[in-house]
Amino acid sequence: MLDVTLIRTHPDQVQAALRKRAAAPDIPAFLTLDTAFREARTTVEHLRAERRRISTEIAALRREGTPVGEGGVGAEAPGRAVAEPLAGERGAAVPPAPAAAPMGERPAAAVPAVEGHGFAASLPAGGHRAAAVPPAGEHEAAASPPAGEHRATAAPLADDQQAAAALQADEHTPAETPAGERGAPVPPTGERRAAVPPDGEHRATPAPPADDHRPPTPPPADNPRTPAAQLHATAKALADELAQAEGRLVELGARHQEFLDALPNLPDDDVVAGGKECNQVVRTVGVPPVLGFPGRDHVRLAQELGLVDHQRGTALGGRGYWVYRGDGAALEWALLNHFLDAHRRAGYEFVLPPHLLTYEAGYTAGQFPKFADEVFRTDDDHFLLPTAETALVNLHRGETLDERELPRRYVSYTPCYRKESGSHRTAERGTLRGHQFNKVELFQFARPQDSDAAHLELLARAEELVAGLGLHHRVTKLAAGDTSPAQAKTYDVEVWLPSLGAYTEVSSVSNARTYQARRGGIRYRPAGGGKAAYVHTLNASGLATSRLLPAILEQHQRADGTVLVPEVLRRWGLPELLRPA
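Bear in mind that the values here come from a model prediction, so they are computed numbers and not experimental data.

## Some details on the packing of helix α3 (residues 27-64) against helix α5 (residues 227-262)
Where α3 meets α5, the axes come as close as 8 Å, and the angle between the chain directions of the two elements is 155°. When the axis of α3 is compared with that of α5, the two are roughly antiparallel. Seen from above, α3 lies across α5 with left-handed handedness. For the contact of α3 with α5, the residue count by class is 21 nonpolar, 4 polar and 10 charged.

## Quick word on the sheet that holds strand β15 (residues 523-525)
If you walk across this open sheet you meet the 3 strands as β9-β15-β16, and the pairing is mixed. Each end of this open sheet is capped by a strand with a single partner; those strands are β9 (400-402) and β16 (533-534). Two elements, β15 and β16, share 2 bridges in a ladder whose sense is antiparallel. Across the sheet, the residue bridging to tyrosine 524 is alanine 533, located in β16.

## Topic: the nonpolar core
Counting 49 residues, the largest nonpolar core has Phe339, Leu469, Leu471, Leu548, Leu553 and Leu569 as the members making the most contacts within it. Element by element, the count of residues in this core is highest for helix α8 (residues 327-345), at 7 residues. Phe37, Leu61, Leu231 and Leu249 belong to the second-largest nonpolar core, a separate cluster that totals 17 residues.

## Focus on the packing of aromatic side chains
Summed over the entire model, instances satisfying the criterion amount to 8 aromatic pairs. Consider the rings of tryptophan 322 and tyrosine 324, whose centres lie 6.4 Å apart with planes at 85°: the pair is edge-to-face. Residue classification places tryptophan 322 among the buried positions, given a relative accessible area of 13%. Among the aromatic residues, those joined into a ring-pair cluster are Tyr359, Phe368 and Phe383. Directly above the ring of tyrosine 348 sits arginine 409, whose terminal nitrogen or CZ lies 4.5 Å from the centroid. It is arginine 519 that lies over the ring of tyrosine 363; its NZ or CZ is 4.1 Å from the centre.

## Comments concerning the side chain of aspartate 261
Looking at where aspartate 261 falls in the secondary structure, it is placed in helix α5. Salt bridges are absent for the buried aspartate 261, whose nearest opposite-charge side chain, arginine 519, sits at 4.4 Å. There is a polar contact of 2.6 Å between the side chain of aspartate 261 and the side chain of tyrosine 363. Apart from residues lying up to four places away in sequence, aspartate 261 is in contact with Met1, Tyr363, Pro369, Tyr515 and Arg519.

## Things to note about the environment of phenylalanine 368
Turning to its location among the elements, phenylalanine 368 is positioned in the loop between α9 (359-365) and β8 (382-384). Along the backbone, phenylalanine 368 and alanine 262 are 106 residues apart, and their C-alpha atoms lie at a distance of 9.1 Å. Residues within four places of phenylalanine 368 in sequence aside, it is in contact with Tyr359, Gly362, Tyr363, Val375, Phe383 and Arg519.

## Remarks on helix α13 (residues 548-555)
Burial runs high along α13: 8 of the 8 residues are buried. Leu548, Leu549, Pro550, Ala551, Ile552, Leu553, Glu554 and Gln555 are the residues of α13 that are buried.

Reading the values: rules and limits
Residues numbered from 1 in each chain as written. Predicted model: local features only at pLDDT ≥ 70, side-chain atom pairs only at ≥ 80, totals over all residues. Heavy atoms only, no water. Axes fitted to C-alpha atoms, helices over the stretch in contact; angles between N-to-C directions. Helix = DSSP H or I, 4+ residues; strand = E, 2+ residues; numbered from the N terminus. Parallel < 35°, antiparallel > 145°, perpendicular 65-115°, else oblique. Left-handed = near helix turned anticlockwise from the far one by under 90°. Nonpolar A, V, L, I, M, F, W, Y, C, P; charged D, E, K, R; others polar. Pairing = 2+ DSSP bridges. Core = buried A, V, L, I, M, F, W, Y, C linked by side-chain atoms within 4.5 Å. Buried < 20%, exposed > 50% of the residue type's maximum accessible area, 1.4 Å probe, protein only. Phe/Tyr/Trp six-rings, centres within 6.5 Å; stacked < 30°, edge-to-face > 60°. Lys NZ or Arg CZ within 6 Å of the ring centre and 35° of its normal. Lys, Arg positive; Asp, Glu negative; His and termini not counted. Salt bridge = Lys/Arg side-chain N within 4 Å of Asp/Glu carboxyl O. Polar contact = N/O pair within 3.5 Å; in protein donor to acceptor, adjacent residues only side chain to side chain. Contact = heavy atoms within 4.5 Å.

Structure (structure tokens):
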């Protein structure tokens with residue numbers, strides 16, 4: 001990923017660098033989008049800060065005992081987002097736990113105060129009003145009235161009315177009886193009523209003493225004049241505004257990220273513009289071998305020597321697969337062992353990573369989303385690695401390394417799985433290109449000031465191995481259009497194939513600068529302290545074997561059809577000469 005600050009401050013420079021790759025992203029349009037995105041982010045941050053402030057006030061009201069529930073600050077209209085902070089945010093208030101009902105019982109439901117009474121009735125679990133329970137010693141059932149008389153309905157007692165009048169005359173209004181506490185229930189229709197006492201024996205409810213001044217009932221929390229109600233209204237309005245702002249931020253952020261993900265790396269200043277035809281030869285090592293006899297191509301030699309079975313490989317896996325057999329398998333394994341041994345002795349840590357990776361691994365490497373369709377995918381959102389580089393760059397994804405531990409240097413062996421494969425053209429026959437091939441990969445995490453030197457060190461390692469096999473080769477610096485989109489500069493080591501009269505690549509040595517580190521969040525902490533910075537990531541094939549075998553067969557063949565085995569490989573159990581089967 002490119003540095004967004006660089007795009008903001010030097011848009012013309014970025015545009016010119018990308019033209020070297022024949023890429024023409026609309027940088028001015030992105031800058032407009034970037035401004036809108038940053039403004040939306042600032043708005044959301046401001047609204048969230050306001051939400052935290054209101055939540056702090058809510059918590060303070062709860063501590064003071066102010067109602068913060070139904071009809072209060074904490075109440076929410078249907079469909080509204082909660083105005084309090086998300087869980088884990090600073091200032092979030094913890095709502096009080098509701099009182100638990102006894103096990104096996106449902107909690108009592110409160111009902112409004114009955115009109116004409118200064119207390120609230122209570123409903124039991126079943127939702128029906130309960131009849132009054134008579135005092136001990138009295139009969140539950142009412143006495144049957146004499147014939148011809150009607151059943152009397154219990155009416156408010158005269159003394160109750162007097163008590164109510166006295167309370168109304170008092171300057172303080174008594175608080176209502178909370179739901180569920182003992183009060184005078186209202187008899188429900190259809191149930192048996194308590195007996196009416198004889199005339200003159202009304203049971204009066206005692207009035208409170210004249211000096212019993214109770215505290216006034218606090219005004220309800222939903223009173224629009226109270227601070228609680230005002231805070232509640234502000235919270236609900238803020239919730240709507242924040243939800244809208246967050247939705248816009250998500251939409252702008254997705255477009256912002258999509259644009260950045262699609263941008264390739266900026267090529268280094270010394271990388272020329274153009275495609276493959278503009279690649280520059282840096283040096284050529286040795287001269288093309290002169291055979292002095294009609295040479296055989298690598299496909300014929302591999303068949304005659306019994307090294308590679310293309311027919312059975314196709315039967316097993318389809319076109320683009322082959323089977324190494326006999327000395328061919330031994331030669332392949334000797335090459336891998338030779339490379340691994342050399343790199344381990346040079347101080348590289350040996351790593352055997354998983355072959356199945358997650359999408360995040362491909363994204364960090366810079367291969368996804370652009371090349372997501374060019375890998376073999378599984379049905380559980382994994383893919384087969386196209387190169388060990390994809391795994392190695394993710395070893396420290398999301399980590400901040402200690403500067404004193406840099407450079408981190410790794411070597412890995414894996415098969416490489418790719419959907420692309422060769423055609424029937426001569427340049428792609430045999431093992432030159434297929435769906436699966438073996439490769440040893442080198443990788444470094446380095447400080448920015450050390451990455452140029454690390455790049456040359458990796459190139460020297462690849463060249464040394466090719467030269468040790470006695471192969472004529474050359475080094476080219478790729479033009480911007482031929483460089484992988486994730487890389488800033490790439491050198492290719494190419495071996496000569498006499499049958500083609502051309503060079504073919506056996507190692508790519510690349511420097512991604514901070515491009516992959518930004519995508520994977522890979523930083524280092526300076527030893528002397530200070531702000532963490534992104535590492536530079538570098539990789540090199542060290543080496544790929546599927547093209548080395550054709551070069552060895554063609555460059556080291558003899559007139560009698562035998563092939564000389566490079567001396568460095570004989571210690572792995574190979575003979576001096578490979579002979580026809």
